[in-house]
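# Observations on the three-dimensional arrangement
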Amino acid sequence: MYQRILVPFDGSATAARGLAEAVKLAGLTGARLRLIHVVDELSFAFAASEGLTFTGDMPSLLREAGAAILAQGAASAQAAGLVVETVLKDSFAGRVCDLVIDEARSWPADLIVLGTHGRRGVGRLFMGSDAESIVRSAPIPVLLIRATQS
């Protein structure tokens, strides 16, 4: 069964739902978890839209925030008695979905569990879908956990 579960984690409510499901599954199978967080260009775009000024320290500040997000996710998995590792990547080396797939291969993971918004139509077209790209490219099974309906 699954012994190594990779969980892309960005700290959002949707990612937290994916992590919660991975924690349940790991508890049943005795699996190890690895959380991956990717600091991506959207982080920079969000900061700019909020009126933040870019400085030379912005990438390091975003990495620090990413490390804090990973620590928060790891703490919740450890509270359930699980072995958990974390990895922080920058998307400057590639697309988020490709970095997740690369990590799944190199670790090597048996399963990827991630939260998804389940966008359709125009919303998916404009927002893109890392989850869809991961499903299409993953060499291993992928479990998608849908966001709650509002």
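Now for a look at the structure at hand.

Rules of the game
- Residues numbered from 1 in each chain as written.
- Predicted model: local features only at pLDDT ≥ 70, side-chain atom pairs only at ≥ 80, totals over all residues.
- Heavy atoms only, no water.
- Helix = DSSP H or I, 4+ residues; strand = E, 2+ residues; numbered from the N terminus.
- Contact = heavy atoms within 4.5 Å.
- Areas by Shrake-Rupley, 256 points an atom, 1.4 Å probe, with all protein chains shown as cover.
- Buried < 20%, exposed > 50% of the residue type's maximum accessible area, 1.4 Å probe, protein only.
- Pairing = 2+ DSSP bridges.
- Axes fitted to C-alpha atoms, helices over the stretch in contact; angles between N-to-C directions.
- Core = buried A, V, L, I, M, F, W, Y, C linked by side-chain atoms within 4.5 Å.

### Notes on the overall build of the protein
Along its length, the protein carries six helices and five strands. Counting contacts in the protein only where the partners sit at least 6 residues apart, residues at least 24 apart contribute 76% of the total. For the protein, the exposed surface amounts to about 8300 Å²; the carbon and sulfur share of it is 56%.

### Points about the environment of Thr29
Counting through the fold element by element, Thr29 comes out in helix H1 (residues 13–29). For Thr29, a relative accessible area of 19% corresponds to the buried category. A sequence separation of 27 residues divides Thr29 from Tyr2, and the C-alpha atoms of the two residues are 6.6 Å apart. Filtering out sequence-adjacent residues up to four positions away, Thr29 remains in contact with Met1, Tyr2 and Gln3.

### Concerning helix H4 (residues 96–106)
Every buried residue belonging to H4 is among Val96, Cys97, Leu99, Val100, Ile101, Glu103 and Ala104, and all of these are buried. Looking at the buried residues of H4, the elements they touch are strand S1 (4–8), strand S2 (32–39), strand S3 (84–90), strand S4 (111–116) and helix H6 (130–137).

### Observations regarding the sheet that holds S1
Pairing is parallel in the open sheet, where five strands are placed in the order S3-S2-S1-S4-S5. If you trace the sheet from one side to the other, it starts and ends with S3 and strand S5 (142–146), each paired once. Strand after strand, the sheet turns through a mean of 25° between neighbouring axes, direction not considered. In terms of strand pairing, S1 meets S2 through five bridges, oriented parallel. Within S2, the position partnered with Arg4 by the bridge is Arg32.

### What to know about the nonpolar core
Core analysis: the biggest nonpolar cluster contains 20 residues, and Ile5, Val7, Leu19, Leu33 and Leu35 have the highest contact counts within it. Of all the secondary-structure elements, those providing two or more residues to this core are S1, H1, S2, helix H3 (58–79) and S4. Per element, the largest residue contribution to this core is six residues, and it comes from H1. Residues within four places of Leu33 in sequence aside, it is in contact with Ile5, Val7, Leu19, Ala22, Val23, Ala26, Ala77, Leu82, Val83, Val84, Glu85 and Trp107. Formed by 18 residues, the second largest nonpolar core is a distinct cluster that contains Val87, Leu99, Ala104 and Ala138.

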